[in-house]
Amino acid sequence: MKIIKVENLKKEFIIYEKEPGLKGVIKSFYNAKKIVKKAVDDVSFTIQQGEIVGYIGPNGAGKSTTIKMLTGILTPTSGEVRVDGIIPYQKRTVNAKKIGVVFGQRTQLWWDLPLIESFTVLKEIYQISDADYKERLAYFSALFGLDEFIKQPVRQLSLGQRMKADIVASLLHNPKLLFLDEPTIGLDVIAKENIRKTLKEIHEKYQTTIILTTHDLADIEELCDRIMMIDQGKIIYDGSLETIKAKFGSKKIVCFTLKNDSEIDLGVFETLKKKDPDLTVSLENKALTVIFNKLKINVGDIIGPVLKQTEVLDIDISDDHLENIIKAIYKNGL
Ligand SMILES: Nc1ncnc2c1ncn2[C@@H]1O[C@H](COP(=O)(O)OP(=O)(O)OP(=O)(O)O)[C@@H](O)[C@H]1O
Ligand SMILES: [Mg+2]
């Protein structure tokens, strides 16, 4: 069942640009240059109930703006957005009851209240029954170790604790849909892992539909079957992670640790570059790294000539990291 439908969605921001300096400030009162910024530029997609979708793209691509339109915080300039049959910006309250939202960059909680009281307020707002509230709080306490900091005011919490608190707050009313805008930003590896594990568990338990923006591709690899990639307000890819990997993951990385870095003649790679013009070689502190297309060159053709020339202490062979693949797509397009 379709739970989200977005069609030709656009959001434009009007920005007034001033000239630099004091003169610019004064001038800008009557003569500011008006610029139209197309933050989301004709985006269409549908999301089925129960999907976990990773929404990725470089800084300023339009991810948060899309999330804000889906959650009813922003009104679109044009186009259609429906979330569980509702137009979010027209029915904010009804929408709010069905969704959970986390903006990793800033908390949705009351800064000066002890965390537990923020939760109590949310219980009232969402009219959660005593039994449900008790059960859910116990469940999250076990998952996140809330007891350790639940009595502290939110402003005193560490970043990781605050993020966990925000995620719990977004899930207390057991929403059908969960929007997470950078839920692991700035966290250490253990906290990230803990959050991913929890999201997986919630998804399995309630089939919650989850839309997640992130710059951490490990989030995507662990959680999402589908990714949507946005760049300059336009969706440039919508499909499985596997397809991206199969299509672009044809690079291999061979890293040699040389006994002595002075004795290798990098000229040996010139003939191979004729077969694969994108082949790159770098030599740094006795580490010789060769990146090449495995469909064009065999690993043996790389290793053989190097072993002939110099003494090698170690060889590490790996497939290209997803991070490099995504970087290349952001840079060069699909
Ligand atoms: N309120 C606003 N007024 C003017 N411009 C805005 C506003 N909000 C966002 N923008 C602009 O719209 C574009 C998209 O911003 P958005 O926050 O959606 O990007 P993002 O994909 O979430 O990026 P990031 O990964 O950095 O969070 C940016 O160029 C941004 O400067
Ligand atoms: Mg953002």
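Residues numbered from 1 in each chain as written. Chains lettered and ligands numbered in written order. Predicted model: local features only at pLDDT ≥ 70, side-chain atom pairs only at ≥ 80, totals over all residues. Heavy atoms only, no water.

### Describing the pairing of strand β6 (residues 177–181)
Of all the five residues making up β6, five are buried; the element is thus mostly covered by neighbouring parts of the structure. Burial along β6 is two-sided: the face carrying Leu177, Phe179 and Asp181 and the face carrying Leu178 and Leu180 are both buried. By the bridge criterion, five bridges tie β6 to strand β7 (residues 209–213) in an arrangement that is parallel. Paired with Asp181 across the bridge in β7 is Thr213. In terms of handedness, the path from β6 via helix α7 (residues 189–206) over to β7 forms a crossover that is right-handed. (Buried < 20%, exposed > 50% of the residue type's maximum accessible area, 1.4 Å probe, protein only. Helix = DSSP H or I, 4+ residues; strand = E, 2+ residues; numbered from the N terminus. Pairing = 2+ DSSP bridges. Right-handed = clockwise from strand over helix to strand, strands pointing away.)

### Thoughts on the site of ligand 1
Of all residues adjacent to ligand 1, which total 13 residues, the nearest are Gly60, Lys63, Ser64, Thr65 and His215. Side-chain polar atom of His215 to an oxygen atom of ligand 1: 2.8 Å apart, as the coordinates give it. In isolation ligand 1 offers 640 Å² of accessible surface; the protein chains occlude 66% of this area. Among the elements of the structure, β2 (33–48) and α2 (63–70) are those that each provide at least two residues to the shell around ligand 1. No other element matches the three residues that α2 contributes to the shell around ligand 1. Here the shell around ligand 1 is composed, by residue class, of four nonpolar, six polar and three charged. (Near = heavy atom within 4 Å. Polar contact = N/O pair within 3.5 Å; in protein donor to acceptor, adjacent residues only side chain to side chain. Areas by Shrake-Rupley, 256 points an atom, 1.4 Å probe, with all protein chains shown as cover. Nonpolar A, V, L, I, M, F, W, Y, C, P; charged D, E, K, R; others polar.)

### So, a nonpolar patch on the surface
A contiguous nonpolar patch, built from Ile14, Tyr16 and Val36 and spanning about 310 Å² of accessible area, is present on the exposed surface. Examined against the element boundaries, Tyr16 turns out to sit in strand β1 (residues 2–17). Look at Tyr16 and you get exposed, because its relative accessible area is 56%. (Patch = residues over 30% accessible without salt bridge, like charges linked within 9 Å, V, L, I, M, F, W, Y side chains within 5 Å. Salt bridge = Lys/Arg side-chain N within 4 Å of Asp/Glu carboxyl O.)

### Observations regarding the packing of helix α4 (residues 115–125) against helix α6 (residues 159–171)
Interhelical geometry of α4 versus α6 gives an angle of 15° and a closest axis separation of 10 Å. Of the possible angle classes, the one that applies to α4 and α6 is roughly parallel. The element α4 and its partner α6 pack so that their crossing is right-handed. For the pair α4 and α6, the contacting residues are Leu115, Phe119 and Leu122 in the first and Ala165, Val168 and Ala169 in the second. The class makeup of the residues in the contact of α4 with α6 is six nonpolar, no polar and no charged. (Axes fitted to C-alpha atoms, helices over the stretch in contact; angles between N-to-C directions. Parallel < 35°, antiparallel > 145°, perpendicular 65-115°, else oblique. Left-handed = near helix turned anticlockwise from the far one by under 90°. Contact = heavy atoms within 4.5 Å.)

### Brief notes about the domain arrangement of the chain
Taken domain by domain, the chain consists of domain 1 (2–8 + 44–245) and domain 2 (249–332). Each of domain 1 and domain 2 has a C-alpha centre, and these two points are 40 Å apart. Contact residues are listed per partner, giving eleven residues for domain 1 and seven residues for domain 2. Of the roughly 840 Å² buried where domain 1 meets domain 2, counting both sides, 79% is carbon and sulfur surface. (Domains from an automatic or database assignment. Buried area = accessible area lost by both parts, 1.4 Å probe.)

### Quick word on the nonpolar core
Counting 48 residues, the largest nonpolar core has Leu115, Phe119, Phe140, Leu146, Leu172, Ile227 and Met229 as its most contacted members. Counting contributing residues per domain, this core is built from domain 1 (2–8 + 44–245) and domain 2 (249–332), each supplying no fewer than three. The residues contacting Phe140, other than those within four sequence positions of it, are Gly145, Leu146, Val168, Leu171 and Ile202. Counting 25 residues, the second largest nonpolar core, distinct from the first, contains Tyr55, Ile67, Ile99 and Ile230. (Core = buried A, V, L, I, M, F, W, Y, C linked by side-chain atoms within 4.5 Å.)

### Looking at the packing of helix α9 (residues 241–248) against helix α12 (residues 322–332)
Put simply, α9 and α12 touch, their axes get as near as 10 Å, and they point 80° apart. With respect to α12, the axis of α9 lies roughly perpendicular. In contact with Leu241, Ile244, Lys245 and Phe248 of α9, α12 contributes Leu322, Ile325 and Ile329. Grouping the constituent residues of the contact of α9 with α12 by class yields six nonpolar, no polar and one charged.

### Re the environment of Thr289
Relative to the helices and strands, Thr289 is located in strand β12 (residues 287–293). Given the relative accessible area of 19%, Thr289 is considered buried. For Thr289 and Leu180, which are 109 residues apart along the polypeptide, the C-alpha to C-alpha distance reads 37 Å. In this structure Thr289 touches Ile253, Val254, Cys255, Thr280, Val281 and Ser282, once residues within four positions along its chain are discounted.

### A few points about the packing of aromatic side chains
The description of an aromatic ring pair rests on the distance of the ring centres and on the angle between the ring planes. The final tally for this structure, using the stated rule, is one aromatic pair. Directly above the aromatic system of Phe103 lies the positively charged group of Arg106, at a separation of 5.4 Å from the ring centroid. Of note, Lys123 hangs over the ring of Tyr133, and the distance from its end group to the ring centre comes to 5.9 Å. (Phe/Tyr/Trp six-rings, centres within 6.5 Å; stacked < 30°, edge-to-face > 60°. Lys NZ or Arg CZ within 6 Å of the ring centre and 35° of its normal.)

### Description of the pattern of salt bridges
Across all of its chains, the model carries 21 salt bridges by this definition. Among the ionic pairs, Asp219 bridges to Arg196, the shortest N-O distance being 2.6 Å. Of this pair, Asp219 sits in helix α8 (residues 217–223) while Arg196 sits in helix α7, and the two are 23 residues apart along the sequence. Among the residues examined, Asp219 registers a relative accessible area of 1% and is labelled buried. Residue class for Arg196 comes out buried when judged on its relative accessible area of 5%. Asp238 is paired through a salt bridge with Arg226; the nearest N and O atoms lie 2.9 Å apart.

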